[in-house]
Amino acid sequence: GDVREIVFFGRQEQRKGLGLFCDAIDILHSKGNIVDIRVTFLGKFDVIDGIPSGVYLAERARQWDCSTRIIRTYSQPDALHYLSQPGILAVIPSLAENSPCVVAECIEMGIPFLAADSGVTRELIDPSNRDACLFAPDPTALVNAIGTVFAEGQLPVGPAVAREQTLAAWRDVF
């Protein structure tokens, strides 16, 4: 369906790609592409360059011609339930991940998402789905990926290894 909301999903810090995401929203704003879109930040506050992330986001969002929202108190199940609603696109722009749990959770829950192609993120995703949900970790690549989702939609992606295979392997170990 149509995307009505773009959600930054992760702790509000630079390592998680907060600046990259905001830079992409700046570009979408300059093109007039987000007037009818809500931009939500779903994750715990942190500090960006010595500034509380809530203040950082308020300053960045002042120029955007869209509705913005910060949700920082949801539990993990609440966050995943929120993201599973129709019309929501999760964006996970992490710049350094050695264990991208939020990507694994989105795959498991069937939540459509875009994620930065960094760290081991691609290893979690079915190779036939990677082009649809991964973007190079830069704002222009994210803008292009969001544009593709606006035009074509976004389906949930599958895991690189089927759940049954993983469970069987663990059973063999134990």
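Look above for the structure.
Residues numbered from 1 in each chain as written. Predicted model: local features only at pLDDT ≥ 70, side-chain atom pairs only at ≥ 80, totals over all residues. Heavy atoms only, no water.

1. Quick look at the overall build of the protein
Alright, step 1. The helix and strand inventory of the protein stands at 7 helices and 8 strands.
Alright, step 2. Compactness check: the protein gives a C-alpha radius of gyration of 16 Å against a globular reference of 16 Å for 174 residues, within 12% of the reference.
Alright, step 3. Overall, the C-alpha framework of the protein stretches about 55 × 35 × 25 Å when taken along its three principal axes.
Alright, step 4. Taking all 174 residues of the protein together, 45% fall into the buried category.
Alright, step 5. Within the protein, contacts between residues at least 6 apart in sequence are counted, and of these 70% link residues at least 24 apart.
Alright, step 6. Total accessible area on the protein stands at roughly 9000 Å², and carbon and sulfur atoms take up 52% of it.
Alright, step 7. Of the charged side chains in the protein, 15 are positive and 22 negative; the average position of the first set lies 5 Å away from that of the second. (Helix = DSSP H or I, 4+ residues; strand = E, 2+ residues; numbered from the N terminus. Rg over C-alpha atoms; globule rule 2.2 N^0.38 Å. Buried < 20%, exposed > 50% of the residue type's maximum accessible area, 1.4 Å probe, protein only. Contact = heavy atoms within 4.5 Å. Areas by Shrake-Rupley, 256 points an atom, 1.4 Å probe, with all protein chains shown as cover. Lys, Arg positive; Asp, Glu negative; His and termini not counted. Charge placed at Lys NZ, Arg CZ, Asp CG, Glu CD.)

2. Brief notes about the sheet that holds strand β7 (residues 113-116)
Whenever strands of a sheet pair, they do so through backbone hydrogen bonds, lying parallel or antiparallel.
Alright, step 1. Across the sheet, 6 strands lie side by side as β5-β2-β1-β6-β7-β8; this open sheet has parallel pairing. The outermost strands of the open sheet, each flanked by one partner alone, are β5 (67-71) and β8 (134-135).
Alright, step 2. In the sheet, strand β6 (residues 88-92) pairs with β7 via 3 bridges, with the strands oriented parallel. For Val-91, the partnering residue across the bridge sits in β7 and is Leu-114.
Alright, step 3. Strand contacts of helix α1 (residues 18-30): β1 (5-9), β2 (38-42), β6 and β8, with the helix running at about 175° to β2, the strand carrying the most contacts. (Pairing = 2+ DSSP bridges. Axes fitted to C-alpha atoms, helices over the stretch in contact; angles between N-to-C directions.)

3. Notes on the pattern of salt bridges
Alright, step 1. One pass over the full model with this rule turns up 7 salt bridges.
Alright, step 2. For Arg-60, the salt bridge identified is with Asp-26, shortest N-O distance 2.7 Å. On the criterion of sequence distance, the pair formed by Arg-60 in helix α2 (residues 53-61) and Asp-26 in helix α1 is long-range, its members being 34 residues apart. Each member of the pair Arg-60 and Asp-26 is classed as buried. (Salt bridge = Lys/Arg side-chain N within 4 Å of Asp/Glu carboxyl O.)

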